[in-house]
Amino acid sequence: GTAASAGAGPGSIAAPLLPLYESTPDVPATLPERFAVLPFENRTSIRALDYLRAGAAFSLAEKVELNLGLAPAYGPLVVEAPVVSVTAEVVARFAAARQAIWVFTGWVMRPDWKLQMGVTLWKISPGATVADSVATPVGEVVARDDFSAVHRMIGAAIASLADKAGWRLRPETLALLSASPTRDLYAFTLLGRGLGHLVGLDGVVNPVAAAHDLDKAVFIDPFLVEAQRLDAVVRELEGKPNRAIGKYNYALDLRPSYYPAIRAAAVASAAAGNKADVTRELYDRMVRLRPWDLDARFGLGNALWETGAAAGAQRELARVVARDPRHLPARRI
């Protein structure tokens with residue numbers, strides 16, 4: 001269960017022994033249901049509201065992921081380029097392609113200079129094929145308030161829809177859902193704009209424009225960890241992995257339990273060929289936070305193998321294969 005500097009040549013500095021592998025919690029008997037989110041619709045001709053198309057969807061999805069115990073059926077950017085219009089058929093196809101059981105959609109307007117927002121939760125009944133899947137609306141929440149209340153509105157919508165879906169929320173969860181990631185609305189506006197450029201909401205992916213907006217967002221509010229994480233994604237696209245890892249680590253310094261940043265830092269560390277023990281520690285943190293995350297557990301098993309903890313690697317990878325027999329990378333190792 002320990003690993004030394006195998007193969008260290010003359011004059012090299014031996015790596016310190018890693019701590020003994022400590023078994024992680026087993027995979028839960030029931031895996032959480034998967035959810036996804038579509039970019040919000042801007043039901044006005046006011047382009048200044050476009051930041052909410054990606055920004056509101058991103059905020060909603062991260063609040064659900066971090067507080068409701070559902071499994072995200074999306075990648076690190078959370079939102080994707082939008083469809084033309086939201087219909088039951090579109091939602092069903094979108095969900096089936098991502099094996100999501102729940103989908104959130106939304107829209108925004110600006111009556112009397114107020115923010116009006118609608119959020120809908122859909123339940124998916126999977127079919128034999130993608131075309132056979134059916135999306136049924138569970139409920140819609142419509143609210144109007146000042147733009148500065150956007151995160152409180154999103155949190156209230158999630159809580160109301162969770163009740164309709166039968167999800168039990170603890171009292172402390174309600175406060176977390178309504179919390180704002182920043183006190184500066186303009187910083188969040190820049191986050192939404194930058195993310196929109198990053199995923200191509202205007203039809204073109206524009207990393208340069210994304211970097212411009214996200215750099216400004218973290219300059220205005222360095223404590224906006226979500227913007228720090230997205231800015232790190234841009235650095236990876238620019239071919240600057242070490243700078244990206246530095247930003248991920250800074251986000252984790254600000255919020256050590258921020259799972260999306262832990263996941264991103266682990267993946268980036270492994271891809272950059274950094275010290276295996278650093279990657280292993282990140283994946284270990286992920287598995288202890290979310291024992292059901294099979295991707296994290298595979299990453300931990302692989303990192304354990306890379307650091308010489310063969311027995312631990314065998315245990316973690318066997319757990320992955322037991323729940324997903326088609327996981328060929330785990331079988332191969």
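Everything here concerns the structure above.
Residues numbered from 1 in each chain as written. Predicted model: local features only at pLDDT ≥ 70, side-chain atom pairs only at ≥ 80, totals over all residues. Heavy atoms only, no water.

1. A look at the overall build of the protein chain
Tallying secondary structure elements over the protein chain gives 13 helices and six strands in all. The C-alpha atoms of the protein chain give a radius of gyration of 21 Å, which matches the 20 Å a tight globule of 333 residues would have. Across its three principal directions, the C-alpha atoms of the protein chain cover 75 × 45 × 40 Å. Residues counted as buried form 48% of the 333 residues belonging to the protein chain. Considering only intrachain contacts with a sequence separation of at least 6, the fraction spanning at least 24 residues in the protein chain is 62%. Accessible surface for the protein chain amounts to roughly 15900 Å². Of this, 55% is attributable to carbon and sulfur atoms. (Helix = DSSP H or I, 4+ residues; strand = E, 2+ residues; numbered from the N terminus. Rg over C-alpha atoms; globule rule 2.2 N^0.38 Å. Buried < 20%, exposed > 50% of the residue type's maximum accessible area, 1.4 Å probe, protein only. Contact = heavy atoms within 4.5 Å. Areas by Shrake-Rupley, 256 points an atom, 1.4 Å probe, with all protein chains shown as cover.)

2. Remarks on helix α5 (residues 185-199)
An ideal rise of 1.5 Å per residue puts 21 Å on 15 residues; α5 measures up with 21 Å between its terminal C-alpha atoms. For α5, the elements touching its buried residues are α1 (51-67), α3 (150-165), α6 (207-220) and α7 (225-237). One side-chain oxygen of the residue at the start of α5 lies 2.9 Å from the amide nitrogen of Tyr 186, identifying that residue as Asp 184. (Expected span 1.5 Å × (residues − 1). Polar contact = N/O pair within 3.5 Å; in protein donor to acceptor, adjacent residues only side chain to side chain.)

3. Structural notes on unusual backbone geometry
Phi is mostly negative for residues that are not glycine, and the peptide bonds are mostly trans. In this structure, Gln 99 takes a positive phi of about 55° despite not being glycine. As for its position among the elements, Gln 99 is in the loop between α2 (88-98) and β4 (102-109). Relative accessible area serves as the criterion here: at 57%, Gln 99 is assigned to the exposed category. At Asp 112, a residue that is not glycine, the phi angle is positive and equals roughly 55°. Counting through the fold element by element, Asp 112 comes out in the loop between β4 and β5 (115-125). Accessibility expressed as a relative area gives 65% for Asp 112, which makes it exposed.

4. Focus: the pairing of strand β1 (residues 34-37)
Of the pairings in the sheet, the one linking β1 to strand β3 (residues 71-72) comprises two bridges and is parallel in character. In the strand pairing of β3, Phe 35 is matched with Pro 72. Bridge count between β1 and β4: three bridges; the pairing is parallel. Within β4, the residue paired with Val 37 across the bridge is Phe 104. (Pairing = 2+ DSSP bridges.)

5. A short note on the side chain of Thr 24
Mapped onto the fold, Thr 24 is located in the segment before β1. Owing to a relative accessible area of 4%, Thr 24 belongs among the buried residues under this scheme. At a separation of 2.7 Å, a polar atom in the side chain of Thr 24 contacts the side chain of Glu 316. A polar contact of 3.1 Å, which involves the side chain of Thr 24, links it to the side chain of Arg 319. The contact partners of Thr 24, leaving out residues within four places of it in the chain, are Asp 284, Val 287, Arg 288, Arg 297, Leu 300, Glu 316 and Arg 319.

6. What to know about a nonpolar patch on the surface
A contiguous nonpolar surface patch, about 340 Å² in accessible area, is contributed by Tyr 186, Phe 219 and Ile 220. Inspection of the secondary structure puts Ile 220 in helix α6. (Patch = residues over 30% accessible without salt bridge, like charges linked within 9 Å, V, L, I, M, F, W, Y side chains within 5 Å. Salt bridge = Lys/Arg side-chain N within 4 Å of Asp/Glu carboxyl O.)

7. Thoughts on the packing of helix α9 (residues 259-271) against helix α10 (residues 276-289)
The geometry of α9 relative to α10 is characterised by a closest axis approach of 9 Å and an angle of 150° between their N-to-C directions. As summarised for this structure, α9 and α10 are arranged roughly antiparallel, according to the angle between their axes. With respect to the hand of their crossing, α9 and α10 are arranged in left-handed fashion. Residue-level contacts link Tyr 259, Ile 262, Arg 263, Ala 265, Ala 266, Val 267, Ser 269 and Ala 270 of α9 to Val 278, Thr 279, Leu 282, Tyr 283, Arg 285, Met 286 and Leu 289 of α10. When grouped by side-chain class, the residues that make up the contact of α9 with α10 number eleven nonpolar, two polar and two charged. (Axes fitted to C-alpha atoms, helices over the stretch in contact; angles between N-to-C directions. Parallel < 35°, antiparallel > 145°, perpendicular 65-115°, else oblique. Left-handed = near helix turned anticlockwise from the far one by under 90°. Nonpolar A, V, L, I, M, F, W, Y, C, P; charged D, E, K, R; others polar.)

8. A word on the packing of α1 against α3
Think of two packed helices as two axes; the pair is described by the angle between the axes and how far apart they sit. In the contact formed by α1 and α3, the axes pass within 10 Å of each other and the chain directions differ by 50°. Overall, the two elements α1 and α3 adopt an arrangement that is oblique. Relative to α3, the crossing made by α1 is right-handed. When α1 is examined against α3, the residues Leu 52, Ala 56, Ser 59, Leu 60, Lys 63 and Val 64 are found in contact with a partner set consisting of Val 150, His 151, Ile 154 and Ile 158. Here the residues of the contact of α1 with α3 sort into seven nonpolar, two polar and one charged.

9. A few points about the nonpolar core
In this structure, Leu 52, Leu 60, Phe 104 and Met 117 are the most contacted members of the largest nonpolar core, which totals 80 residues. With nine residues, α1 is the largest single contributor of residues to this core. Non-local contacts of Leu 60, meaning those with residues more than four positions away in its chain, are made with Val 37, Phe 40, Phe 104, Val 119, Ile 154 and Ile 158. Core analysis: the second largest hydrophobic core is formed by twelve residues, Ala 36, Val 91, Val 103 and Ile 124 among them. (Core = buried A, V, L, I, M, F, W, Y, C linked by side-chain atoms within 4.5 Å.)

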